[in-house]
Amino acid sequence: MKNAKEFIKVKGITKYFGGSDKPTLEDINLTINEGEYIAILGPSGSGKSTLLRTITGLVKPDNGEVIFDGQKVTGVNPYASIVFQTFALYPWLTVRENVELGLKAKGFPKDYMRRKAEELISLIGLDGFEEAYPKELSGGMRQRVGFARALAVEPKLLCLDEPFSALDFLTAENLRTELVELWQEKRMPIKSIIMITHGIEEAVLMADKIVMLSRNPAHIIAEIKIDLPHPRNRKSPEFERLVDSVYKLLIKGKIEDNEEEKLSKSISSGKEKEAGEKPVQIPNAHVGVMSGLLELIDDNGGKMDIYQLGGDLMMEIDDLLPNIEGISMLNFAEVREGDIFITELGREFVELEKDESKELFRKQLENISTFRLIMNVLNNKRNHTMKEEFFKELFKKHFPQHEMEGIMDIIIDWGRYAELFNYDRDSEELYLDNEENEEI
């Protein structure tokens, strides 16, 4: 963009949560120009929404600053509006009254509020529904009201926090197309759009630039300019090449250069089997899905393009990546340059009978520090039983607090499948079934 005017400057933003020693965001630096549509992309838990809320002043950074249109952000930014993934409409208010809310808070006259609300309701295609209540509207219509309400206060910045994720495919696709048309035709009084998404295709379809975040803590690993003209054709070779390149960059930042992945591999090779080893975070991967992925890769000659794999399974990157991380952590697969390859161990896992494949899965768990730590605790208890809460406390310095419940669920899922330990849901305890587990 030639002679673009700088609109937002994010300078060295770092943010901690919950007393953790590890920040959610670390040294984030980003420039957004007037007229840019930015998509922020990253794995689940990478801090995308935290970054958006910091830019709008809803979250105060621990270090760094945000400069918005030449002024430092010191509180909630009155020139920014957010559309969330949930519709967040007041059920007792009509469509018009919901749209008028922001204007009412700013003290505008009633005649102006009514006229402005009706203009926006017409703009987002809800003529005739001004006096309807949210319960009378479809999900897509309710989200349109959310857009109208955000635009009513004439923001300089429109923020979209996964606004299409709660909608069915066709409704979401229609809204995406209409939003891009409104933006391209300059029918909205805004200077820039920032969209949080976990959909790579959605980002390439809509944005001028993609900002990619890593996780734990979040860093910007790439900024990718999208030069394709609108309207964009998902089936064009140029579009598919861009999506594939974004997949590869995200995979590279998430798996190939992931320090936890490297640590887990070193553990598997026997280099870290000593006292004091640190637990590694277990990805949100389910045994059944991982098994299915390995079978699919094996059936396709032992190698698949990850973009193709996601398309074949109709899985978003946020759902696919943790399962790829899981089979990589278990040394059942390897990722290189956006492709995934089954290993000899992975092929063996696919071909073995159920009991034998469980035994192989168990052997791989025994090589991962997190499971070794759990087994050490259980083996050193006289009754071989320990409360789940104890392990949460043990792991809280190593894993993100807001993900702890999900991480423990997956640890228990893997451990129970491998018959490494068992779990009593009533007492919320992990325990050993018999003495054969004691020498791990």
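Further up the page is the structure itself.
Bear in mind that the values here come from a model prediction, so they are computed numbers and not experimental data.

**Q** Can you help me understand the overall build of the chain in this one?
**A** For the chain, the helix and strand inventory stands at 16 helices and 16 strands. In terms of overall dimensions, the chain is globule-like: its C-alpha atoms have a radius of gyration of 25 Å, near the 22 Å expected for 440 residues. Classification of the 440 residues of the chain by burial places 54% in the buried group. When the accessible surface of the chain is totalled, it reaches about 20900 Å², and 47% of it is carbon and sulfur. Both charge centroids of the chain, one from 57 positive and one from 79 negative side chains, sit 7 Å from each other.

**Q** Could you clarify how one ought to interpret the sheet that holds strand 6 (residues 80–83) in this entry?
**A** As summarised here, the arrangement of the 6 strands in space is 6-7-8-3-9-10, forming an open sheet in which the pairing is mixed. At either margin of the open sheet sits one strand with a lone partner, and together these are strand 6 and strand 10 (220–225). Looking at each pair of strands side by side, their axes are set apart by 20° on average, direction ignored. Taken together, the 5 bridges between strand 9 (residues 209–213) and strand 10 define a ladder with antiparallel strand orientation.

**Q** Hey, could you run me through the nonpolar core in this one?
**A** Side chains of a nonpolar character, in soluble globular proteins, are inclined to be buried together. I210, I340, F361, W414 and F421 are the most contacted members of the largest nonpolar core, which has 111 residues in total. Examining the composition of this core, we find that 8 residues originate from one element, helix 16 (residues 404–417), more than from any other. Excluding residues within four positions of it along the chain, W414 makes contact with I282, P283, A285, V287, M290, G326, M329, L330, F361, L365 and F371. If you look at the next biggest cluster of nonpolar residues, it comprises 25 residues, including I28, V73, I82 and V211.

**Q** Looking at this structure, I do not really get the sheet that holds strand 12 (residues 333–336). What am I missing?
**A** The 3 strands are arranged 11-13-12 in an open sheet whose pairing can be described as antiparallel. Two strands bound the open sheet, and with one partner strand each, they are strand 11 (303–305) and strand 12. Looking at each pair of strands side by side, their axes are set apart by 20° on average, direction ignored. Each of strand 11, strand 12 and strand 13 (339–342) is contacted by helix 9 (residues 287–299), which is oriented at about 90° to strand 13, the strand it contacts most. Contacting strand 11, strand 12 and strand 13, helix 10 (residues 306–313) crosses the sheet at an angle of about 80° to strand 11.

**Q** I would appreciate a short explanation of the packing of helix 4 (residues 139–152) against helix 5 (residues 169–184) in the present structure.
**A** In a packed pair of helices, the relevant descriptors are the angle between the two axes and the axis-to-axis distance. Close contact between helix 4 and helix 5 brings their axes to 10 Å; oriented N to C, the two are set at 25°. The angle between the axes of helix 4 and helix 5 places the two elements in the roughly parallel class. Between helix 4 and helix 5 the crossing geometry is right-handed. Each of G140, Q143, R144 and F147 in helix 4 lies in contact with helix 5, whose residues at this interface are T171, L175, E178 and L179. Its residues assigned to classes, the contact of helix 4 with helix 5 comprises 3 nonpolar, 3 polar and 2 charged.

**Q** Can you help me understand empty space enclosed by the protein in this one?
**A** Take a probe with the size of a water molecule and roll it over the atoms, and the empty space left behind shows itself. Using the criterion set out here, one finds 2 cavities of 30 Å³ or more in the structure. If you trace the largest cavity, you find it lined by I124, R144, F147, L151, L175, E178, L179, L182 and M188. Only helix 4 and helix 5 provide two or more residues apiece to the lining of the largest cavity. Of the residues forming the lining of the largest cavity, the biggest block, 4 residues, is contributed by helix 5. Residues belonging to the lining of the largest cavity are distributed by class as follows: 7 nonpolar, no polar and 2 charged.

**Q** Which parts of the structure should I look at to understand the layout of surface pockets?
**A** A volume near 770 Å³ is recorded for the largest pocket. Surrounding the largest pocket, 28 residues form its lining, F169, R176, E201, R234 and E316 being those nearest its centre. Where the lining of the largest pocket is concerned, the elements lending two or more residues are helix 5, strand 8 (192–197), helix 6 (200–206), helix 7 (237–256) and helix 10.

**Q** Hey, could you run me through the pairing of strand 7 (residues 157–161) in this one?
**A** A regular strand carries its side chains on alternate faces of the sheet. Most of strand 7 is tucked away, with 5 of its 5 residues classed as buried. The side-chain alternation of strand 7 yields two buried faces, one formed by L157, C159 and D161 and the other by L158 and L160. By the bridge criterion, 4 bridges tie strand 6 to strand 7 in an arrangement that is parallel. Bridge pairing in strand 7 places I82 opposite C159.

**Q** Help me understand the pairing of strand 3 (residues 37–41), please; the structure alone is not making it clear to me.
**A** Judged by how many residues are buried, strand 3 sits mostly within the fold: 5 of 5 residues are covered. Every second residue of strand 3 is oriented toward a common face, with Y37, A39 and L41 on one face and I38 and I40 on the other, all of them buried. Both strand 3 and strand 8 contribute to a ladder of 5 bridges, which runs parallel. Each bridged residue has a counterpart across the sheet, and for I40 the counterpart in strand 8 is I196.

**Q** Teacher, can you tell me more about the pattern of salt bridges here?
**A** Side-chain pairing between opposite charges can occur once the charged atoms of the two side chains come close. Scanning all chains against the criterion turns up 29 salt bridges. One salt bridge in this structure joins K209 and E223, with 3.3 Å as the shortest N-O distance. In this pair, K209 is assigned in strand 9 and E223 in strand 10, connecting sequence segments 14 residues apart. Taking the shortest distance from any N to any O, the salt bridge between R347 and D298 comes out at 3.1 Å. Of this pair, R347 sits in helix 12 (residues 344–351) while D298 sits in helix 9; the two residues are 49 residues apart in sequence, bridging distant segments of the chain. Bridged by salt links that share partners, the residues K5, E34, D69, K156 and K191 form one connected network.

**Q** I would appreciate a short explanation of the packing of helix 12 against helix 13 (residues 354–365) in the present structure.
**A** Axis separation between helix 12 and helix 13 bottoms out at 8 Å; the angle between their running directions is 145°. Here the hand of the crossing between helix 12 and helix 13 comes out left-handed. Across the interface between the two elements, L345, E348 and F349 of helix 12 pack against S357, L360, F361 and Q364 of helix 13.

**Q** Explain the packing of aromatic side chains here, please?
**A** One pair of aromatic rings is described through two measures. These are the centre distance and the angle between the planes. Overall, the coordinates contain 13 aromatic pairs when judged by the stated rule. Taking the centre distance of 4.9 Å and the plane angle of 55° together, the rings of F7 and F68 count as tilted. Taken together, the residues span a long stretch of sequence, with F7 in strand 1 (residues 6–15) and F68 in strand 4 (residues 63–68) at a distance of 61 residues. Classification of F7 as buried rests on a relative accessible area of 1%. Between Y90 and W92, the aromatic rings sit 5.1 Å apart at their centres with planes inclined by 55°, giving tilted as the arrangement. Overall, the relative accessible area of 37% leaves Y90 in the partly exposed class. Sitting over the ring of F17, K15 keeps its end group 5.3 Å from the ring centre. It is K358 that lies over the ring of Y417; its NZ or CZ is 5.4 Å from the centre.

The rules behind these values
Residues numbered from 1 in each chain as written. Predicted model: local features only at pLDDT ≥ 70, side-chain atom pairs only at ≥ 80, totals over all residues. Heavy atoms only, no water. Helix = DSSP H or I, 4+ residues; strand = E, 2+ residues; numbered from the N terminus. Rg over C-alpha atoms; globule rule 2.2 N^0.38 Å. Buried < 20%, exposed > 50% of the residue type's maximum accessible area, 1.4 Å probe, protein only. Areas by Shrake-Rupley, 256 points an atom, 1.4 Å probe, with all protein chains shown as cover. Lys, Arg positive; Asp, Glu negative; His and termini not counted. Charge placed at Lys NZ, Arg CZ, Asp CG, Glu CD. Pairing = 2+ DSSP bridges. Axes fitted to C-alpha atoms, helices over the stretch in contact; angles between N-to-C directions. Core = buried A, V, L, I, M, F, W, Y, C linked by side-chain atoms within 4.5 Å. Contact = heavy atoms within 4.5 Å. Parallel < 35°, antiparallel > 145°, perpendicular 65-115°, else oblique. Left-handed = near helix turned anticlockwise from the far one by under 90°. Nonpolar A, V, L, I, M, F, W, Y, C, P; charged D, E, K, R; others polar. 1 Å grid on protein atoms, 1.4 Å probe; cavity = no way out; pocket = protein on both sides within 12 Å on 5 of 7 lines; lining within 4 Å. Points joined across faces, edges and corners; volume = space filled by probe spheres on them. Salt bridge = Lys/Arg side-chain N within 4 Å of Asp/Glu carboxyl O. Phe/Tyr/Trp six-rings, centres within 6.5 Å; stacked < 30°, edge-to-face > 60°. Lys NZ or Arg CZ within 6 Å of the ring centre and 35° of its normal.

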